[in-house]
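Structural description and commentary
Residue strings, one per chain:
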Amino acid sequence: MTLPIFDLCLKNGSVVLPDATVVTDVYVRDGRIARIGGPGDAGRVIDCTGLTVLPGVIDTQVHFREPGLTAAEDLATGSLAAVMGGVTAVFEMPNTKPATDCPEAVVAKLAHARGRMWCDHAFYVGATTDNADRCAELEMLPGTAGIKIFMGSSTGNLLVSDDAVLERVLRSGRRRVAIHAEDETRLLERMGERKAGDPSSHPVWRDDETAMRATRRIVHLARRTGRRIHVLHVTTPAELEFLSGHKDIASCEVTPQHLTLAAEDAYPRLGTLAQMNPPIRGRKYRDGLWHWMGQGVPDIIGSDHAPHPLAAKQRAYPDTPSGMPGVQTLLPLMLDHVAHGRLSLRRLVDMTSAGPQRLFGLVRKGRIAVGYDADFSVVDLAARWTVQQEWLASKCGWSPFVGDELTGRPMGTIIRGNVVMWENQLAPAAQGEPLLFEATDRPRAA
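Sequence order as written defines the numbering, with residues in each chain counted from 1. Predicted model: local features are reported for residues with pLDDT of at least 70 only, side-chain atom pairs are reported and counted for 80 or more only, and whole-chain, interface and lining totals are derived from all residues. Excluding hydrogens and water, the side-chain values take into account all heavy atoms of the structure.

1. Some details on the sheet that holds strand β6 (residues 57–62)
- At least two DSSP bridges between two strands are required for those strands to pair. We count a stretch as a helix when DSSP gives it H or I for four or more residues in a row; a strand needs E for two or more, and each element gets its number in order from the N terminus. Taken in spatial order, the eight strands line up as β6-β7-β8-β9-β10-β11-β12-β13 in an open sheet, and their pairing is parallel. Only two strands of the sheet have a single partner each, and these edge strands are β6 and β13 (300–301).
- The pairing of strand β10 (residues 177–180) with strand β11 (residues 229–231) spans three bridges and is classified as parallel. Residue pairing in the sheet places Ile 179 in a bridge with Val 231 of β11.

This is the structure we're talking about:
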């Protein structure tokens, strides 16, 4: 009997399937998962004994800064950091310079990504007062993750803070809209709460009510318009409690840094390296996020990778930009939380693979199943290691987690059957491709 020939076989790994985790072999042909288990010959066999094979991790919130802000990052270096950390696909944000707010900007980003991005990718379009009524057209552009709204000012000049304009955006289109929920009016009122040279005043200025007020407003508008929304980087337990009553219309995200850092330690130890929007808050807020994680309310974990040059971050607060890199440390940090019993591996997979597919309608992504893209994040759950400076691939060159000792490490990143990273060794060339979405992709005719 002639055995079938496959391109790749991941052999003897603990494979996280939709219904169970089993030690088996996974076979790949033409970039897709062709078979799970059974005998077979393959052009390349990778021994995964002792390793765990996860569906490819999808980071649905990164800022890769290209065009215009590339001193900190660009599409090549940001996606390199992604695959070094086990991430197979990203949704990239629109607050670039110029902003990604029109068809020409999306086309230009896709062109710049071709042959340079290491992972698969999609680009958000930023909502503005000028394009509010065109969002239905913009969200359907190929390679587009949807529409992003900044309700509070952050990096860049995309800001939609007026309810009338927000309603126009929500009435234009049908895909889920991503929201940065901070109330701009309250931010302006509280600017006096910032203390020169004291980054610990950042969460005093951008307080919990600033977040809660915006979240209530956008959910009210979502109800009025019947539009589904996705609230990014939620930082307060009160928001999660509120959102738990609106799961039919509002999904939400938490970040590894808000689940890991607490203000009482972060600002004295890290200073402005811990500064981001919305801010790192006190221990009771972090612990409250974990409470609602236990209640199953957050849908997705995204890194909010938002790098800035170290020199800019080292200026005196508040003359410092907000944001920290995180795409490379998303999976390691969350594996460490799994190792310490804070969440299950299956929940992590749902929040980084199946969840993104389910919420955003990704095509052939998010699970290990025959016919799906052969995207895998291969990890060693037992590896104990220290995050070191030289491991970082982001152009910004720093991380608030350097020196942290973690349990659980990405060993390989495989995208559509291409072994992009294995044991910190990279493939010869970047092969990332635009993501496909059910809302915009038309299946091929017979």
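Having put the structure on the table, let's press on.
2. Structural notes on the confidence of the model for the protein chain
- On average, the protein chain scores 96 in pLDDT, and the residues at 70 or more come to 98%.
- Summarising per-element confidence for the protein chain, the mean pLDDT is lowest in helix α5 (residues 184–189) (95) and highest in strand β7 (residues 87–92) (99). Every residue carries a pLDDT, the predictor's confidence in it, which falls somewhere between 0 and 100.

3. Points about the nonpolar core
- By nonpolar core we mean a set of buried residues, namely Ala, Val, Leu, Ile, Met, Phe, Trp, Tyr and Cys, connected to one another through side-chain atoms within 4.5 Å. Classification of residues uses two cut-offs on accessible area relative to the type maximum, computed with a 1.4 Å probe and protein chains only: under 20% is buried, over 50% is exposed, and between them is partly exposed. With 96 residues, the main nonpolar core has Val 90, Ile 149, Ile 218, Ile 229 and Leu 348 as its most contacted residues.
- Residues are treated as being in contact if the distance between any of their heavy atoms lies within 4.5 Å. Setting aside anything within four residues of it in sequence, one finds Ile 149 in contact with Ala 127, Val 160, Leu 166, Val 169, Leu 170, Val 177, Ala 178, Ile 179 and His 180.
- The next biggest cluster of nonpolar side chains, apart from the first, holds 19 residues, and it includes Leu 8, Val 28, Val 53 and Val 378.

4. Considering the pairing of β10
- Burial along β10 is two-sided: Val 177 and Ile 179 facing one way and Ala 178 and His 180 facing the other are all buried.
- When strand β9 (residues 144–150) meets β10, the two strands line up parallel, connected through three bridges. Bridged to Lys 148 within β10 is Ala 178.

5. So, the environment of His 258
- Within the secondary structure layout, His 258 lies in helix α9 (residues 256–260).
- Among the residues examined, His 258 registers a relative accessible area of 4% and is labelled buried.
- Apart from residues lying up to four places away in sequence, His 258 is in contact with His 233, Thr 235, Met 276, Pro 278, Pro 279, Ile 280, Arg 286 and Leu 289.
- A distance of 3.3 Å separates the side chain of His 258 from the backbone oxygen of Pro 279, its partner in a polar contact. Pairs of N or O atoms within 3.5 Å make up the polar contacts considered here, provided that, within protein, one atom can donate a hydrogen while the other can accept it, and that residues adjacent in sequence are counted only when both atoms are side-chain atoms.

6. Considering the pattern of salt bridges
- In what follows, salt bridge is the name for a side-chain nitrogen of Lys or Arg lying within 4 Å of a carboxyl oxygen of Asp or Glu. Inspection of every chain in the model, using the stated rule, returns 29 salt bridges.
- A salt bridge links Arg 32 to Asp 373; its shortest N-O distance comes to 3.5 Å. Taken together, the positions of Arg 32 in strand β3 (residues 32–36) and Asp 373 in the loop between α14 (345–360) and β14 (376–386) put the pair 341 residues apart, joining distant regions of the chain.
- Its relative accessible area of 5% is what places Asp 373 among the buried residues.
- Ionic contacts of the salt-bridge type, sharing partners, join the residues Arg 32, Asp 120, Arg 364, Lys 365, Asp 373, Asp 375, Arg 416 and Glu 433 into one network.

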